Amino acid sequence: MSLDVMAIVLFAAALHAAWNALVRASADKFLDTVLIVLGAGVWTAALLPLMPTPAVESWPYLAASVLIHVAYFVLVAVSYRSGELSFVYPLMRGSAPALTAVAGLLLINESPSPGGWAGVVLISCGVLILAGDSLRSGTFRAASAAFALTNAGVIVIYTLIDGQGARLSGHAISYTGWMFLLTAPLLLAIAAVGQGRGIVHRIRSGWRMGLLGGACTLASYGLALWAMTRAPIALVAALRETSVVFAAIIAASFLKEPITRIRYVSIIAVCAGAIAIKLF
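Residues numbered from 1 in each chain as written. Predicted model: local features only at pLDDT ≥ 70, side-chain atom pairs only at ≥ 80, totals over all residues. Heavy atoms only, no water.

What about the side chain of Glu 241?
Note on placement: Glu 241 falls in the loop between α9 (233–240) and α10 (243–253). If near-sequence neighbours (up to four positions away) are discounted, Glu 241 is found in contact with Arg 93, Pro 97, Cys 271, Ala 274, Ile 275 and Lys 278. (Helix = DSSP H or I, 4+ residues; strand = E, 2+ residues; numbered from the N terminus. Contact = heavy atoms within 4.5 Å.)

Brief notes about the pattern of salt bridges
Per the stated rule, a full pass over the model turns up six salt bridges. Here Arg 263 makes a salt bridge to Asp 133, at a shortest N to O gap of 3.4 Å. Taken as a pair, Arg 263 in helix α11 (residues 261–279) and Asp 133 in helix α5 (residues 114–137) lie far apart in primary sequence, 130 residues in all. Here Lys 278 makes a salt bridge to Glu 241, at a shortest N to O gap of 2.4 Å. Of the two residues, Lys 278 sits in helix α11 while Glu 241 sits in the loop between α9 and α10, which places them 37 residues apart along the sequence. Through salt bridges with shared partners, one network takes in Glu 84, Asp 133, Arg 136 and Arg 263. (Salt bridge = Lys/Arg side-chain N within 4 Å of Asp/Glu carboxyl O.)

Here's the deal with the side chain of Thr 183
Relative to the helices and strands, Thr 183 resides in helix α7 (residues 172–195). By relative accessible area, Thr 183 is classed as buried at 0%. In this structure, Thr 183 is in contact with Val 37, Val 66, His 69, Val 70 and Phe 73, ignoring residues within four places of it in sequence. (Buried < 20%, exposed > 50% of the residue type's maximum accessible area, 1.4 Å probe, protein only.)

Considerations on the packing of α9 against α11
Two numbers describe how α9 lies on α11: the axes approach to 8 Å, and their chain directions differ by 170 degrees. By the angle class used here, α9 and α11 are roughly antiparallel. Between α9 and α11, the contacting residues are Ala 234, Leu 235, Ala 237 and Ala 238 on the first element and Ile 275, Lys 278 and Leu 279 on the second. Broken down by class, the residue content of the contact of α9 with α11 amounts to six nonpolar, no polar and one charged. (Axes fitted to C-alpha atoms, helices over the stretch in contact; angles between N-to-C directions. Parallel < 35°, antiparallel > 145°, perpendicular 65-115°, else oblique. Nonpolar A, V, L, I, M, F, W, Y, C, P; charged D, E, K, R; others polar.)

This is the structure:
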């Protein structure tokens, strides 16, 4: 992997952590998550006319992806209601590769390599240390942990769906754009039912944040897809897992979350484990 591609993948990882930080910092996690998805939808609507329509064969996968992403974004919002970024983000993003490896073994009898199992162990140890440190400091929230781990399972599902859907679409970026464009109105409808006029007021006051977060979301995924055309997919996927470390840095620097040395060790273990699974 060349240095310029590596820098772009690291930037994409930082962008992913950044939009999660925007949700964590907001006063209304769900409404601002909806705003970010709407922002991504707006950017997508401007770009899609320049792209081909996904192949018909991918449409069932696209429909399933939209539904599962609605669940994903809702779980992102509820996970951050009482959970810190430096706790929730590693659980969501770091646990997904380990769950994928275990699911592969149980469902299709596909056993990870020794390096892959080492990654599973690293992630498991990192998660346990993370939980232990949160219990010790009094910041552990069972609901946030449960929602974050549930969302890790959702990430596994949409990764499998989108992996096949993007291949069948003939144009991965167009497929992703349509996913955001179709997810946005569904989330907006859910918010309208629960919040009524509150969502209108929030759009008027927070549209800039929505466009910023939406740009981070789209750019993060788009840059990663671009990098996969310039470098081995496994290397790009592994390097993206550094988003867990970026989340910790953002949490400490901008959200002023107290992060102990033990928590840093656990986060690095989760990151290293996720990278090992992707590489080996």
